[in-house]
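# Structural overview for review
The lines below spell out each chain.
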Amino acid sequence: EKPALIEDRSSFDAYKIQSVVVSSYSLINYETNQYSVFSAYVGEAVELRIYSNRILILFKDKIIGEHSRCFGKHLRIYNPWHYVNALERKPGALRNGAPFKDWNLPPSVSKIREKLLNHSDGDKQFIQILLAAAKWDISATEAACSRALTDGTHSATFVIQILEHNATASPLVVQEGPILSIKAPPDTNYACYDEAFLTRQERSNAV
């Protein structure tokens, strides 16, 4: 009968399934370790697919986290990108939050962050760059930051405009801020002030 059998060419996707709930810290638990997922899924019931060397976390068949499997004990494994959206509500976490400690960002992005530290709103500007990177991708953001540094600037506005330009191939028009114009220019004649000043000066010279 062997010649009549059909060869099985499908691969066997070997994994174990487990259901868990995402904690308030955007983490799931598996065998004493905790793994991060995107912060938008806090409180949701999700499915784990545990492979021999990695763990996939899915919500309604959508992958919301993927990590190399950790065989240590009582460890937290973070992906900083899972927490970027939460920075809009908690910008202070960028400096003090555990997911962002020792974050290995590309050199040009790290250089922009270093320069923005000297600004009072530097953290907020850098968060805007990170949000843009999450929307596009980190390689595009790295190129945009490199371009900004070459042009002698490091503002989030400029970096984001470069990203949008590269994504749409539209002409790059850089605006660092809103351009203000006067709708009703003053029509008062201020020459009278000059005349008054000259009169006072003549009196002073006479004395």
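Everything numeric in this text was worked out from a predicted model, so none of it was measured.

Another aspect to go through is the overall build of the protein chain. The number of helices and strands found in the protein chain is six helices and seven strands. Starting at the N terminus and walking to the C terminus, you meet the elements of the protein chain as β-β-β-β-β-β-β-α-α-α-α-α-α. A burial count over the protein chain gives 33% of its 207 residues as buried. Counting contacts in the protein chain only where the partners sit at least 6 residues apart, residues at least 24 apart contribute 45% of the total. Just so you have it, the protein chain exposes about 14,200 Å², and 51% of that area is on carbon and sulfur atoms.

Quick look at the sheet that holds strand S6 (residues 62-68) now. Strand order in the open sheet made by the four strands is S1-S4-S5-S6, with antiparallel pairing throughout. Looking at strand neighbours, the two that pair on one side only are strand S1 (16-21) and S6, the edges of this open sheet. Here the average twist between neighbouring strands, direction ignored, is 25 degrees. Of the pairings in the sheet, the one linking S1 to strand S4 (residues 45-50) comprises six bridges and is antiparallel in character. Paired with Val-20 across the strands is Val-46, a residue of S4.

Take the packing of helix H2 (residues 107-116) against helix H4 (residues 138-150) next. Two numbers describe how H2 lies on H4: the axes approach to 7 Å, and their chain directions differ by 55 degrees. With respect to H4, the axis of H2 lies oblique. With respect to the hand of their crossing, H2 and H4 are arranged in left-handed fashion. Each of Pro-107, Ser-108, Val-109, Lys-111, Ile-112 and Lys-115 in H2 lies in contact with H4, whose residues at this interface are Ile-138, Thr-141, Glu-142, Cys-145, Ser-146, Ala-148 and Leu-149. Class assignment for the residues of the contact of H2 with H4 results in seven nonpolar, three polar and three charged.

One open sheet accounts for three strands, arranged S2-S3-S7; its pairing is mixed. The strands lining the two open edges of the sheet, one partner per strand, are strand S2 (27-30) and strand S7 (76-77). In terms of strand pairing, strand S3 (residues 33-36) meets S7 through two bridges, oriented parallel. Within the sheet, the bridge partner assigned to Gln-34 lies in S7 and is Arg-76.

Summary statistics for the protein chain give a mean pLDDT of 84 and a share of 81% for residues scoring 70 or more. In the model, residues 176-182 has pLDDT below 50 throughout and makes four contacts with residues more than four positions away in sequence or in other chains.

The next point concerns the pattern of salt bridges. This model, assessed by the stated rule, comprises six salt bridges. Across the pair Lys-111 and Glu-114 runs a salt bridge whose closest N-O atoms are separated by 4.0 Å. Pair noted here: Lys-111 and Glu-114 are both in helix H2, with a separation of three residues, about one helical turn. Judged by relative accessible area, Lys-111 falls into the partly exposed class, the value being 37%.

A word on the side chain of Thr-141. Inspection of the secondary structure assignment puts Thr-141 in helix H4. Contact partners of Thr-141, with chain neighbours within four places excluded, come to Val-109, Ile-129, Ala-132, Ala-133 and Leu-163.

A few words now on the packing of helix H3 (residues 122-135) against H4. Contact geometry for H3 and H4: axes closest at 7 Å, N-to-C directions at 135 degrees. Put simply, H3 runs oblique to H4. Residue-level inspection shows Ile-129, Ala-132 and Ala-133 of H3 in contact with H4, the latter providing Ile-138, Thr-141 and Cys-145. Each residue belonging to the contact of H3 with H4 can be placed in one class, and the counts come to five nonpolar, one polar and no charged.

Topologically, His-67 is positioned in strand S6. Side-chain polar atoms of His-67 contact the backbone oxygen of Ser-36, separated by 2.7 Å. Non-local contacts of His-67, meaning those with residues more than four positions away in its chain, are made with Tyr-35, Ser-36, Arg-54, Ile-55, Ile-57, Ile-77, Tyr-78, Asn-79 and His-82.

Analysis parameters
- Residues numbered from 1 in each chain as written.
- Predicted model: local features only at pLDDT ≥ 70, side-chain atom pairs only at ≥ 80, totals over all residues.
- Heavy atoms only, no water.
- Helix = DSSP H or I, 4+ residues; strand = E, 2+ residues; numbered from the N terminus.
- Buried < 20%, exposed > 50% of the residue type's maximum accessible area, 1.4 Å probe, protein only.
- Contact = heavy atoms within 4.5 Å.
- Areas by Shrake-Rupley, 256 points an atom, 1.4 Å probe, with all protein chains shown as cover.
- Pairing = 2+ DSSP bridges.
- Axes fitted to C-alpha atoms, helices over the stretch in contact; angles between N-to-C directions.
- Parallel < 35°, antiparallel > 145°, perpendicular 65-115°, else oblique.
- Left-handed = near helix turned anticlockwise from the far one by under 90°.
- Nonpolar A, V, L, I, M, F, W, Y, C, P; charged D, E, K, R; others polar.
- pLDDT = per-residue confidence, 0-100.
- Salt bridge = Lys/Arg side-chain N within 4 Å of Asp/Glu carboxyl O.
- Polar contact = N/O pair within 3.5 Å; in protein donor to acceptor, adjacent residues only side chain to side chain.

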